[in-house]
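Observations on the model geometry
Single-letter residue listing:
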Amino acid sequence: MKASLRALLLLGSLALGPVTAGAVEPDEILGDATLEARARDLSAHLRCMVCQNESIDDSHAPLARDLRLLVRERLKVGDSDEAIRDYLVRRYGDFILLKPPLKAETLALWGAPLIVLIVGAAAIIANMRRRDANALAPKELSEAEAAKLKSALERDHS
Amino acid sequence: MIVETGHYALVLALALALVNSVLPIWGSLAGDRRLMAVAPPVAIMSFLLIGYSYFALTYAHVTSDFSLLNVVENSHSAKPLIYKISGVWGNHEGSMLLWVLVLALFGAAVAMFSASMPEDLRANTLAVQSWISAAFVLFILLTSNPFARLGAPPAEGNDLNPLLQDPGLAIHPPLLYLGYVGLSITYSFAAAALICGRIDAVFARFVRPWTLAAWICLTLGIAMGSYWAYYTLGWGGFWFWDPVENASLMPWLAATALLHCTSVMEKREALKIWTIFLAILAFSLSLLGTFLVRSGVLTSVHAFATDPMRGVFILLILVLFIGGSLVLFAARAGGLKQGGLFAPISREGAIVVNNLILSTCCATVFVGTLYPLALEAVTGEKISVGAPFFNLTFVPLFVPLFILMPVGQMLAWKRGDLLGVAQRLIYAFGAGLLMAAALAAIHGGPAVSFLLGGLAAYVIVGAFTDIGRRLLGAGASPAAILRRLSGLPRQALGTAFAHAGIGVTLLGLAASGWGVEKITTLRPGDTLDVGPFQLTLRDLAKREGPNYSEIFATTVIRSGGVVAAVVEPSLRSYPTRRSNRTEAGIATLSLGQVYISIGGLEPDGKVDARIFWKPLVSLIWGGALIMAFGGALSLSDMRLRVGVGRRARKPAAPQAAPAE
């Protein structure tokens, strides 16, 4: 890890396995184009468990290949995408899903963009309101100020 | 011997950094000009010392001095010279040395080019910069010494990771560091401004060029890294939402927001508090990135726990600098008066929305990157946050930002006329619709591709609408247009180019939906169609490189029977590290690219190949180049530089009077 450069940290971890051209190898591809397309889509959302941050579709680790073959086996048998995902989650846990499922533990994760946006917008609006109120609105005189003005005017007249 | 003097120079640099951490600030507090005057020469000397130290390490690498642990671990006598030089920063210790070198470079640059700055602001800026220097030089000396010798030197080194033996390594990290670490100077400016209590348009005018310079480098560095990954990894991806990439994206988002803010603060004295906060935030995110990458915490929380020395040290630096600056910020920001009023619909208002969205993007990347670590640390549960999460959250955030961009560019300061702007953008809207329709007709679905393509056209045309109107307005003749062009402020031109650049990148990204991918096995003589091209594998052969051997596939790309390009994708194996890397064969044809990467040779003389046609893909990086060009135009704006010199002296004089 420390031997590789920051920007290539990810790449560094790849150098371990034997490299093939891409990840999906020609002998894995299914004859049925629709099934294959589903397989690719599924694979892109599944994490290679032994890699840094890659989907099994991108990885050339042997484990990723096994999972790609597994996904295709299940597709051939007629499993739905949902069923395959559930099966893999039962086996490997949520860790395998690159898109974390929405549940109690991930509520803050999925909610974060919206919360930041709303809180930020609210802060800006509140700030603008306060500023406008301070700077633009004609201010009513306070009682003390009114009394002072009155006395000053009276003094001038007398 | 040279190595030892390099080590010694680094120790001296630490001593100087400590001197510069104290004396200038003391001088500014005590009003002693002699103490403040210490800062610039010491900053320059520190840079020279760290530069020498860096040279010494490079010397050891170039001469293959295998008595040095760092050289043994990362070099090989047969390694080409360019990788001996760039290999210096291709490892932890060397890259940290480059880190402090860039830090010192920016300190020295401020010392040399900011003579017109108010004295106390400059002294404090250099002092804060020296604190950062001292912390990181100490980090290197205590935990990551690149000059460690070996008792029994081996005859040969372990070679550099093959993935790093690429021209990309020579360009990408220095650029990235210039950007990443360059943001330190905006941080130092902000901290100094808080210490001096000098937060005004003068501050904005000084901080803006430095932010811009760092932003240009960061933009180019990220784009370069993305292209490097694209052609080295062999599956045609260019952005992986990897934590390491996210670590560089967060400072970029913050720096982009900061750039927009400083222009408001400079011209209208508004948004002061927020600008200062962003200046602190941008570099804090750089520090966070350094921590994430350098501590090993990304691999897993446990890897961090087993060798915690480096991680804990950087964490301490992180807490100290982020915490310290925020405390300073909290203490001073309350006393700041917001200047420059503006209506919600105005240039300022648009920039506020821009900042809101960019900050939300930044927060999203932050949460997405750190959430799995936090969750594992707290509950032990492991989850993954990958590309699907970021794509899903980023697109809805960025689309409104793109829609807003040309509008904001054309709104007037203080109070804008939204309807008038919409009318003037009619050509941009038209271009967007036309583009979307044309793309849909030519390429068809997916819908998101042609819709984003249309958005890109709107952004590009919108970026130049204002300038176009100024040039082609009433009484336009060729001579008048030329005269008007030379009269245009370069900053406005820069903005237009930068905005158009991101539009160009968007067009490249949108086009990825029309890509063609073929995964197949080829035998010499085989031909196949990929998109509009016909590919023929002409030959498979082997050859020897300096420290590797490779199989390469000579492939001819034809378009309608005419040879368009010949490429040689290859698979290299490096015996010393017993590892491989793919070298993609890439031909750029009318802004798109044919991309071929090959796998191992099979016994029957066939080869696995992955072939793509990626229409318009070169625009992704081309757009980044245009953005950087826009930044450079803006940086070269004379008003900016002249203005700095002229206005700096004015407030300096009356300042002294009320202070007594």
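Each residue is numbered by its place in its chain's sequence as written, counting from 1. Chain letters and ligand numbers both follow the written order, the letters beginning at A and the numbers at 1. Totals for whole chains, interfaces and linings use every residue, but because this is a predicted model, local features are given only for residues with pLDDT of at least 70 and side-chain atom pairs only at 80 or more, for both listing and counting.

1. Section: helix 8 (residues 167-180) of chain B
All names here are of chain B. Filter applied, for reference: For helices the rule is a DSSP run of H or I covering at least 4 residues; for strands it is a run of E covering at least 2, with both sets numbered from the N terminus onward. Every helix has an expected span of 1.5 Å times one less than the residues it contains. Here a residue counts as buried when 20 or more other C-beta atoms sit within 10 Å of its C-beta, as exposed when there are 12 or fewer, and as partly exposed otherwise, the C-beta atoms being derived from the backbone. The contact criterion used is a C-beta to C-beta distance within 7 Å, with each C-beta placed from the backbone.
The terminal C-alpha atoms of helix 8, which comprises 14 residues, lie 20 Å apart, in line with the 20 Å expected from a rise of 1.5 Å per residue. Along helix 8, 10 of the 14 residues are buried, which leaves the element largely enclosed by surrounding structure. Turning to helix 8, its buried residues number three or more, namely Gly-168, Leu-169, His-172, Pro-173, Leu-175, Leu-176, Tyr-177, Leu-178, Gly-179 and Tyr-180. Where helix 8 is buried, its residues contact helix 5 (81-86), helix 6 (92-113), helix 9 (183-196), helix 10 (201-233), helix 11 (243-268) and helix 12 (272-295).

2. Focus on the UniProt feature "transmembrane region" (unreviewed entry) in chain A
Counted only if it meets this: UniProt positions are given in the numbering used here, feature names are shortened, and annotations may be inferred rather than shown by experiment.
The UniProt record annotates "transmembrane region" (unreviewed entry) at residues 107-126 of chain A. The straight-line gap between the two end C-alpha atoms of residues 107-126 of chain A is 27 Å; of that span, 100% is helix and 0% is strand.

3. Quick word on the environment of Ala147(A)
Residue and element names in this part refer to chain A. Within the element layout of this structure, Ala-147 appears in helix 6 (residues 143-157). We classify Ala-147 as exposed; it has 11 C-beta atoms within 10 Å. Considering only alpha carbons, one finds Ala-147 and Pro-113, 34 residues apart in sequence, at a separation of 52 Å.

4. Details of the nonpolar core
Residue and element names in this part refer to chain B. Inclusion rule: Among buried residues, those of type Ala, Val, Leu, Ile, Met, Phe, Trp, Tyr and Cys that are joined through C-beta atoms within 7 Å form a set called a nonpolar core.
Val-100 and Ala-254 are the most contacted members of the largest nonpolar core, which has 211 residues in total. Top contributing element to this core by residue count: helix 10, with 20 residues. Residue contacts for Val-100: discarding those within four places in its chain leaves Ile-50, Ser-133, Phe-136, Val-137 and Ile-140. Residues Leu-535, Tyr-595, Ile-598 and Ile-611 belong to the second largest nonpolar core, which totals 18 residues.

5. Observations regarding the packing of helix 19 (residues 447-472) of chain B against helix 21 (residues 490-510) of chain B
Residue and element names in this part refer to chain B. Note the threshold: Interaxial angle, 0 to 180 degrees, is taken between N-to-C directions of lines fitted to C-alpha atoms, where a helix line uses only the stretch in contact. Note on angle classes: values under 35 degrees are labelled roughly parallel, values over 145 roughly antiparallel, values of 65 to 115 roughly perpendicular, and the remainder oblique. Here the nonpolar group is Ala, Val, Leu, Ile, Met, Phe, Trp, Tyr, Cys and Pro; Asp, Glu, Lys and Arg are the charged ones; every other residue, Gly included, is treated as polar.
Where helix 19 contacts helix 21, the two axes come as close as 8 Å, and the packing angle between them is 170°. By the criterion of interaxial angle, the relationship of helix 19 to helix 21 is roughly antiparallel. Counting all contacts with helix 19, which are made through Ser-449, Leu-452, Gly-453, Leu-455, Ala-456, Val-459, Ile-460, Ala-463, Phe-464 and Ile-467, the residues of helix 21 involved are Ala-492, Leu-493, Ala-496, His-499, Ala-500, Ile-502, Gly-503, Val-504, Leu-506, Leu-507 and Ala-510. Broken down by class, the residue content of the contact of helix 19 with helix 21 amounts to 17 nonpolar, four polar and no charged.

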